[in-house]
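Below are the chains, spelled out letter by letter.
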Amino acid sequence: MVLKTFGWSFAVTALGLAFAAWQWGWEAFGIVLILSILEISLSFDNAVVNAGILKKMNAFWQKIFLTIGILIAVFGMRLVFPVVIVAISAKVGPIEAVQLALDKPEQYENLVTDAHAAIAAFGGMFLLMIFLDFVFEEREHKWLAWLERPLAKLGKIDMLSVCIALIILLVTAVTFATEAHTSTGHADKSATVLLSGIAGLITYLVVGGLSGYFENKLEEEEEKEHEEEEKAKQQGRQVSAVGLAGKAAFFLFLYLEVLDASFSFDGVIGAFAITNHIFWMALGLGIGAMYVRSLTVYLVREGTLDDYVYLEHGAHYAIGALAAILLVTIEHEISEVVTGSIGVLLIAASFLSSVRRNKRAGAAGGPGERAGVSSGV
């Protein structure tokens, strides 16, 4: 079962890592591996959410999502999007950015270095908003209860996350951006950081708005489907549970794609905290995206990974750490090993905490208590 579900992911991992080592050496191998682990970890909640929605669709639309959807997720978000970010920030065309990365890596590196302040401010603010909205929301399960309880209470204040994000952006622009690192030395990038940071905040709000719009449309279509089923039952007609189809499934597919894109932003933008190499990003994030799709299928069929209730917490703390690192790197360089290790360690710690919690619950309450743990995600 595991081999059947994850077979393609294992194959892509082996080929991708082997190609990275052959083409660029062991440094590339390590960076691609770290990016893959981070993408899988940061997108774990994506797989859980996708699975919960995907199981409502019929077999045809499930297949559409797992085929066309993966092309959008892997090639659109993980390959094209990083190129677009570099192209916009460095003020060159997307094709020119790729050609420079292939033919003139030193010139490409200088362009990315000069554009780093803009990329870091945009990405840092986007990731920071994801983290703040998570920690300010009241949740049933709390990993670091001493921190999450007071933050959840503060989260009742309207627009608090936006206000804090803007304050952090102003402090960053004043503290770091006045001496931002460039390929020719240091320069004042305060205005660039402010504009890019606000653009990142706006992007986050727009993506959230689109997700909310499609979610509302989906609820309307599901309600219509439910009414039609009730009418059929009253008229004595047999109703087969084959999952949503037609317009309802189409809106569900659009909602899933927008949701998947929004989840992809954190991994793609977080990758810039680890490397500026477009092709290393594409390989690492592409491998991770394959596992996210495999996890989605596995969850639809089994649903067993819902037990690890703190993984979502660990992933979001990793996002918060990446946001802070991106903002700091506007002026100070931070080793890729440090950046990658922090995220992996946070996620590993949340996984171990989930395992310990499940063992304690199982020992205290037996099968009945264990079932309660599973349903509490």
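Residues numbered from 1 in each chain as written. Predicted model: local features only at pLDDT ≥ 70, side-chain atom pairs only at ≥ 80, totals over all residues. Heavy atoms only, no water.

Below, the discussion takes up the overall build of the protein chain. Helix and strand counts for the protein chain stand at 13 helices and two strands. With the model as given, the accessible surface of the protein chain reaches about 18300 Å², and the carbon-plus-sulfur share is 64%. (Helix = DSSP H or I, 4+ residues; strand = E, 2+ residues; numbered from the N terminus. Areas by Shrake-Rupley, 256 points an atom, 1.4 Å probe, with all protein chains shown as cover.)

Before going further, it helps to spend a moment on a negative patch on the surface. On the surface, a cluster of negative charge is made up of E219, E220, E223, E227 and E228. Position of E228 relative to the elements: it lies in helix α9 (residues 190-234). (Patch = residues over 30% accessible without salt bridge, like charges linked within 9 Å, V, L, I, M, F, W, Y side chains within 5 Å. Salt bridge = Lys/Arg side-chain N within 4 Å of Asp/Glu carboxyl O. Lys, Arg positive; Asp, Glu negative; His and termini not counted. Charge placed at Lys NZ, Arg CZ, Asp CG, Glu CD.)

Taking 1.5 Å per residue, 18 residues should reach 26 Å; helix α12 (residues 311-328) reaches 26 Å between its end C-alpha atoms and fits that length. With 15 of its 18 residues buried, α12 lies for the most part within the structure. (Expected span 1.5 Å × (residues − 1). Buried < 20%, exposed > 50% of the residue type's maximum accessible area, 1.4 Å probe, protein only.)

Applying the stated criterion across every chain, the model contains eight aromatic pairs. Ring geometry for W24 against F279: centres 6.5 Å apart, planes inclined by 10°, an arrangement best described as stacked. Separated by 255 residues along the polypeptide, W24 in helix α1 (residues 2-24) and F279 in helix α11 (residues 278-301) bring together distant segments of the chain. Among the residues examined, W24 registers a relative accessible area of 29% and is labelled partly exposed. Aromatic ring contacts, followed pair by pair, group F19, W22, W24, F279 and W280 into a single cluster. (Phe/Tyr/Trp six-rings, centres within 6.5 Å; stacked < 30°, edge-to-face > 60°.)

For T13, the location among the structural elements is in helix α1. In this view, T13 contacts I287 and Y291; residues no more than four positions away in its chain are not counted. (Contact = heavy atoms within 4.5 Å.)

All right, on to a nonpolar patch on the surface then. Residues L166, I198, I202, V206 and L210 make up a contiguous nonpolar surface patch of roughly 400 Å² in combined accessible area. In terms of residues, the nonpolar patch owes the most to one element, α9, which gives four residues. Its location among the elements puts I198 in helix α9. We classify I198 as partly exposed; its relative accessible area is 37%.

A word on the nonpolar core. Y108, L127, V135, V193, F272 and I330 are the most contacted members of the largest nonpolar core, which totals 68 residues. Looking at this core element by element, the count peaks at 17 residues for helix α6 (residues 105-135). Leaving out residues up to four positions away in the same chain, V135 has contacts with E148, L151, A152 and Y317. Core analysis: the next-biggest nonpolar cluster, separate from the first, contains six residues, W61, I64, F65 and F253 among them. (Core = buried A, V, L, I, M, F, W, Y, C linked by side-chain atoms within 4.5 Å.)

A separate point is helix α5 (residues 94-103). Turning to α5, its buried residues number three or more, namely A97, L100 and A101. Axial view of α5: buried residues confined to an arc of 100°, hence all on one face. Summarising the geometry of α5, the exposed residues directed more than 90 degrees from the buried face are I95, L102 and D103. (Arc of directions from axis to C-beta.)

The next subject is the environment of L35. Structurally, L35 is set in helix α2 (residues 26-42). Judged by relative accessible area, L35 falls into the buried class, the value being 2%. What L35 contacts, discounting residues up to four positions off in sequence, is A271, I274, T275, W280, M281 and G284.

Assignment of secondary structure puts E148 in helix α7 (residues 145-154). Its relative accessible area of 8% is what places E148 among the buried residues. As a C-alpha pair, E148 and E137 span eleven residues in sequence and 8.8 Å in three-dimensional space. What E148 contacts, discounting residues up to four positions off in sequence, is V135, H141, K142, W143, H313 and Y317. Within the local environment of E148, its side chain forms a polar contact with the side chain of Y317, the two groups lying 2.9 Å apart. (Polar contact = N/O pair within 3.5 Å; in protein donor to acceptor, adjacent residues only side chain to side chain.)

This next bit is on unusual backbone geometry. Despite not being glycine, M159 shows a phi value in the positive range, around 60°. By the element assignment, M159 lies in the loop between α7 and α8 (160-175).

We now examine the confidence of the model for the protein chain. Per-residue confidence for the protein chain gives a mean pLDDT of 74; residues scoring 70 or more make up 72%. Confidence, expressed as mean pLDDT per element, reaches its minimum in the protein chain at strand β1 (residues 180-182) with 55 and its maximum at α8 with 89. Low pLDDT, under 50, characterises residues 366-377; the predicted model gives this stretch 17 contacts beyond four residues in sequence or across chains. (pLDDT = per-residue confidence, 0-100.)

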